[in-house]
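Listed here are the chains, written in short residue letters.
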Protein chains: 2
Amino acid sequence: MDIKERSLALHKKLKGKLSIESKIDIKNKDDLSLVYTPGVAASSLAIKENKEMSYELTGKGNTVAVISDGSAVLGLGDIGPLAAMPVMEGKCALFKQFAGINAVPIVLDTKDTEEIIQTIKFLAPSFGGINLEDISAPRCFEIENRLKDMLDIPVFHDDQNGTAIVVGAALLNALRLIKKEIDHIRVVINGSGSAGIAISRFLIELGVKDIVMCDKDGILDPEDNKLNSVQVEMAKITNPKRLKGVLKDAVCCSDVFIGVSAGNVLKKEWVGLMNKDSVVFALANPTPEIDREEALAGGARVYGAGISNTPNQINNALVFPGIFKGALEARVKNIDVDMMKTACYALAELVSDEELHEDYIIPSVIHEGVSKEISEAIKKNRF
Amino acid sequence: MDIKERSLALHKKLKGKLSIESKIDIKNKDDLSLVYTPGVAASSLAIKENKEMSYELTGKGNTVAVISDGSAVLGLGDIGPLAAMPVMEGKCALFKQFAGINAVPIVLDTKDTEEIIQTIKFLAPSFGGINLEDISAPRCFEIENRLKDMLDIPVFHDDQNGTAIVVGAALLNALRLIKKEIDHIRVVINGSGSAGIAISRFLIELGVKDIVMCDKDGILDPEDNKLNSVQVEMAKITNPKRLKGVLKDAVCCSDVFIGVSAGNVLKKEWVGLMNKDSVVFALANPTPEIDREEALAGGARVYGAGISNTPNQINNALVFPGIFKGALEARVKNIDVDMMKTACYALAELVSDEELHEDYIIPSVIHEGVSKEISEAIKKNRF
């Protein structure tokens, strides 16, 4: 059986990948009195007196909601809340496995920006953090920004920020390997949805000076009235040489290609037009923008992808467990860009100079201790 | 240490009573590919094709949300969402322990009826059922009714309906013991909040003809403009003899007293005014309307309370795990009054004629198999 058939069979067998367990075995009336009424009243009253005690007496401080409207799921697009649930459950399983965090999958029966914001605002007291997931652009920007302002717990849209951090770490290590300076490279980002825009913004923070963003019509043009306001803004602040044209024109003479777009859109010949020691990150799922073999044959020196069956898997699972673990343990109210950079550098540094290699610029997703390193770095920078 | 100190210490140690576990140990990339991308896409697509598959491929069908706005918590009143969390976590622990159901505690940062309804409507696809908890009257009636109409999963306000079912079962067994007919008794219900009203409505369904409802001002008077609309309606459909007066007047010549009000409001002498073989259920928490010793000294033959340190503990935990287990397993869309009656009779029948005794009219909360009996009865009646 192929991976999809095996996965489907596993899902049928499990009927849900999560189990919510009581930490206490309630065997007798005394146990019940401790866990529930009348004993529980003492904890409720202590929190009523001092809200901060909710972090001491309930699971809030180690519980994250993974929330999606199912509008931009993996490579599947707008499949709706029920169909998004297997992905959200999977994400929650990773939260526990990689960071020991309790995560609750919540899918929403609305795609209205205001309704999503209101719903999350109202359910927020139950959680120590909110992981927004697979919400389509441009709504995801407003939803994340407004909730960040509104809530006193961290809010993180993983498709944007998690992707940006892991791409950033992979890029830092690729540059370390090929010995190019970050402020001297040209980076082409193909795809101007939530991930592409977040990667672009974050690479600017990391010091990249020359980014050229493309969508399916080619290099973003701020005059193009098909662009949304965020894309227009990005078109203005990137592309310092004011290049025009299609993807091929952008790729020509660039150092790095980052694809967050669709399968098979980058031709082998175009890779040959890139500068020497070129880097190709083909992150489209399940079919990358270009296969590893094609990219290397075309002349790329470093290749990374989102899918799991190649070296250099650039996967958010390297980041979100650790960044939430750090944010929860340090009790930060906002995952800001400094914290994202801290996480990015910590992730990159997990690959030593001795280990660094064309096929090892980023740790494996199941590398032990990734989330611990990232969370420790965040806590160190905070205290 | 007393129970509250011990419970507080336990809560401090645990930092949350629930743990969300992955059913699969994700040890390598293959596990990751099965649980998450790319394998998970097969389950998402299967659900996109046929929404019913969400019950086969995700945890929806065995997951309940326990949702409160923290406005009417136990004996504590309106303590707000954060302070309600220990109670909701406790309830979720009981769901798992007694019925194997995954339950997620969600507290809401709003007391607005419309906002609560909207929030629950939007997050509903994540769950197989909604257990409303500790929401104050009269909002709880509208919230429950509107959500029942709106959603295709069962919605159950446990403080109303769970309480009504367990009181009903205790009453049926008390009548079996004292050999009175249900349509010949007079029942006084003291307290006209959500529980009192729900009990009253359910006892009418069970066949009680003469119910007298009271609040702190005495027997409910339909002309009293301090009553809300639901209380006015209840005042009209109960009290066939049109009794007037204070609680003492109601209690006089009644057969059953059911208190869902406040501590120490029923005097020993008034119990003496009740008919022979009187039944007193004093459910106020943490201090009952009358102590067991006082009630028995006053002449009551059967005494039950909500607190755990007396015989005949009348506790919702006898009902909600089993009724949700039955509703989820039978995939019912609504927990209707017939299902409530089924659960009530099944619970009552767990006490055999041989076991039936003044101090054993209802099984212990930790009696093995209560939820199984109730859920089996529901499933039998449905198929």
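Definitions and cut-offs
Counting starts from 1 at the beginning of each chain's written sequence and moves along it residue by residue. Lettering of chains starts at A and numbering of ligands starts at 1, both following the order in which they are written. Given that this is a predicted model, residues contribute local features only at a pLDDT of at least 70 and side-chain atom pairs are listed and counted only at 80 or more, while totals for whole chains, interfaces and linings are drawn from all residues. Only hydrogens and water are set aside; all other atoms, that is, all heavy atoms of the structure, feed into the side-chain values. Here a strand is any run of E in DSSP of at least two residues, a helix any run of H or I of at least four, and the numbering for each starts at the N terminus. Every radius of gyration here is taken over C-alpha atoms, with the globule rule written as 2.2 Å times N^0.38, N being the number of residues. Buried means the residue's accessible area, taken with a 1.4 Å probe over protein chains only, is under 20% of the maximum for its type, while exposed means over 50%, and partly exposed covers the values in between. Note on definitions: a residue-residue contact is assigned when non-hydrogen atoms from the two residues lie within 4.5 Å. Exposure was quantified through the Shrake-Rupley algorithm and a 1.4 Å probe, taking into account, for residues, occlusion by the shown protein chains and nothing else. For the charge count, each Lys or Arg is scored as positive and each Asp or Glu as negative, with His and the chain ends excluded. Every charge is mapped to an atom, namely NZ of Lys, CZ of Arg, CG of Asp or CD of Glu. Being paired, for any two strands, means DSSP has found at least two bridges between them. Fitted lines through C-alpha atoms give the axes, limited to the stretch in contact for helices. The angle between two N-to-C directions lies from 0 to 180 degrees. Here, a salt bridge means any side-chain nitrogen of Lys or Arg that lies within 4 Å of a carboxyl oxygen of Asp or Glu. The buried area of a pairing is the accessible area, by a 1.4 Å probe, that goes missing from both parts when the two are put together, added over both. In these notes, a set of buried Ala, Val, Leu, Ile, Met, Phe, Trp, Tyr and Cys residues joined through side-chain atoms within 4.5 Å is what counts as a nonpolar core. In this comparison the copies share one frame, found by least squares on the C-alpha atoms of residues holding pLDDT of at least 70 in both. The term polar contact refers here to a pair of N or O atoms within 3.5 Å; inside protein, the definition further demands a hydrogen-donor-capable atom paired with an acceptor-capable atom, and it admits residues adjacent in sequence only when both atoms are side-chain atoms. Think of it this way: a Phe, Tyr or Trp ring, Trp meaning its six-membered ring, pairs with another when their centres are within 6.5 Å, and the plane angle makes it stacked under 30 degrees, edge-to-face over 60, tilted otherwise.

1. Here's the deal with the overall build of chain A
A count of helices and strands for chain A gives 16 helices and 11 strands. By the compact-globule yardstick of 21 Å for 383 residues, chain A fits well, its C-alpha radius of gyration being 22 Å. With respect to the three principal axes, the spread of C-alpha positions in chain A is 75 × 45 × 45 Å. Of all 383 residues assigned to chain A, the portion counted as buried reaches 64%. Put simply, of all contacts in chain A between residues at least 6 apart along the chain, 66% involve residues at least 24 apart. Taken as a whole, chain A presents about 14,000 Å² of accessible surface, with 49% of it coming from carbon and sulfur. Looking at charge distribution, chain A has the averaged site of its 45 positive side-chain charges lying 1 Å from that of its 54 negative ones.

2. Brief notes about the sheet that holds strand 4 (residues 129–132) of chain A
All names here are of chain A. Taken in spatial order, the 4 strands line up as 3-2-4-5 in an open sheet, and their pairing is parallel. Two strands bound the open sheet, and with one partner strand each, they are strand 3 (102–107) and strand 5 (155–157). With direction set aside, neighbouring strand axes in the sheet form an average angle of 20°. In this sheet, strand 3 lies alongside strand 2 (residues 63–68) in parallel orientation, the contact comprising 6 bridges. Within strand 3, the position partnered with V66 by the bridge is P105. Sitting on the sheet, helix 5 (residues 81–99) is in contact with strand 2, strand 3 and strand 4, with an inclination near 170° to strand 3.

3. Quick look at the pattern of salt bridges
Residue and element names in this part refer to chain A. Enumeration according to the criterion identifies 48 salt bridges over all chains in this entry. Residues K91 and D158 are paired through a salt bridge, measuring 2.2 Å at the closest nitrogen-oxygen approach. One end of the pair, K91, is in helix 5; the other, D158, is in helix 8 (residues 158–178), with 67 residues separating them in the sequence. Each member of the pair, K91 together with D158, is buried. Salt-bridge contacts for K325 lead to E329; the nearest nitrogen and oxygen are separated by 3.1 Å. With a gap of 4 residues between them, K325 and E329 both fall in helix 14 (residues 320–329), about one helical turn apart. Of the residues examined, E329 reaches a relative accessible area of 38% and is grouped as partly exposed. Each of K276, D277, R301 and E358 takes part in salt bridges that share partners, so that together they form one network.

4. Some points on the interface of chain B and chain A
The partner chain A presents 93 residues to the 93 residues of chain B that form the contact. Both sides together, the interface formed by chain B and chain A hides about 9,100 Å², and carbon and sulfur atoms give 66% of it. The largest share of the area that chain B buries against chain A comes from I20(B), Y36(B) and F122(B), three residues that together contribute 9% of it. Taken together, the links from chain B to chain A amount to 6 salt bridges. K15(A) serves as the salt-bridge partner of E56(B), at 3.2 Å between the closest nitrogen and oxygen.

5. Some details on unusual backbone geometry
Along the chain, A137(A) connects to P138(A) via a cis peptide bond; the corresponding omega equals 0°. Its location among the elements puts P138(A) in the loop between strand 4 and helix 7 (139–150). For the bond from N285(A) to P286(A), the omega torsion is 0°, close enough to zero to count as cis. Counting through the fold element by element, P286(A) comes out in the loop between strand 10 (278–282) and helix 13 (292–298). Positive phi values are uncommon outside glycine, yet R242(A) reaches one of about 50°. As for its position among the elements, R242(A) is in the loop between helix 10 (229–237) and helix 11 (247–251). Of the residues examined, R242(A) reaches a relative accessible area of 42% and is grouped as partly exposed. Residue C253(B) is not a glycine yet carries a positive backbone phi of 70°. Tracing the sequence through the fold places C253(B) in the loop between helix 11 (247–251) and strand 9 (256–259). We classify C253(B) as partly exposed; its relative accessible area is 41%.

6. Some details on the nonpolar core
By size, the foremost hydrophobic cluster in this structure holds 245 residues, and its most contacted members are F281(A) and F281(B). Contact partners of F281(A), with chain neighbours within four places excluded, come to V167(A), A170(A), L171(A), A174(A), F257(A), I258(A), G259(A), V302(A), G304(A), I314(A) and I361(A).

7. Side note on the relation of the copies chain B and chain A
Mapping chain B onto chain A calls for a rotation angle of 180° and an axial translation of 0.0 Å; the resulting RMSD is 0.0 Å. One copy is carried onto the other by what is essentially a two-fold rotation axis. A shared interface surface links the copies, since 100% of the contact residues of chain B are contact residues in chain A too.

8. Thoughts on the side chain of D31(A)
Residue and element names in this part refer to chain A. Within the secondary structure layout, D31 lies in helix 2 (residues 29–35). Its relative accessible area of 12% is what places D31 among the buried residues. In this structure the side chain of D31 is engaged in a polar contact, spanning 2.8 Å, whose partner is the backbone nitrogen of K27. Look past the residues within four positions of D31 in its chain and what remains in contact with it is D25 and I26.

9. A short note on the side chain of K96(B)
Structurally, K96(B) can be placed in helix 5 (residues 81–99). Here the side chain of K96(B) touches N102(B) through a polar contact of 2.7 Å, side chain to side chain. Filtering out sequence-adjacent residues up to four positions away, K96(B) remains in contact with S19(A), I20(A), E21(A), I101(B) and N102(B).

10. Some points on the packing of aromatic side chains
Here the distance between the centres and the angle between the planes together describe a pair of aromatic rings. Inspection of every chain in the model, using the stated rule, returns 6 aromatic pairs over all chains. When the ring of F156(B) is compared with that of F324(B), the centres are 5.8 Å apart and the planes differ by 85°; the resulting orientation is edge-to-face. One end of the pair, F156(B), is in strand 5 (residues 155–157); the other, F324(B), is in helix 14 (residues 320–329), with 168 residues separating them in the sequence. For the pair shown, F156(B) and F324(B) are each scored as buried. An aromatic cluster is present here, built from F95(A), F156(A), F320(A) and F324(A) joined pairwise through their rings.

11. Topic: the pairing of strand 4 (residues 129–132) of chain B
Residue and element names in this part refer to chain B. The alternating pattern of strand 4 places G129 and N131 on one face and I130 and L132 on the opposite face, and all of these are buried. Where strand 2 (residues 63–68) lies against strand 4, 4 bridges are found, and the strand directions are parallel. Considered in strand 4, the bridge of V64 is made with G129. Here 3 bridges tie strand 4 to strand 5, and the two strands are oriented parallel to one another. Residue pairing across strands places N131 opposite F156, the latter belonging to strand 5.

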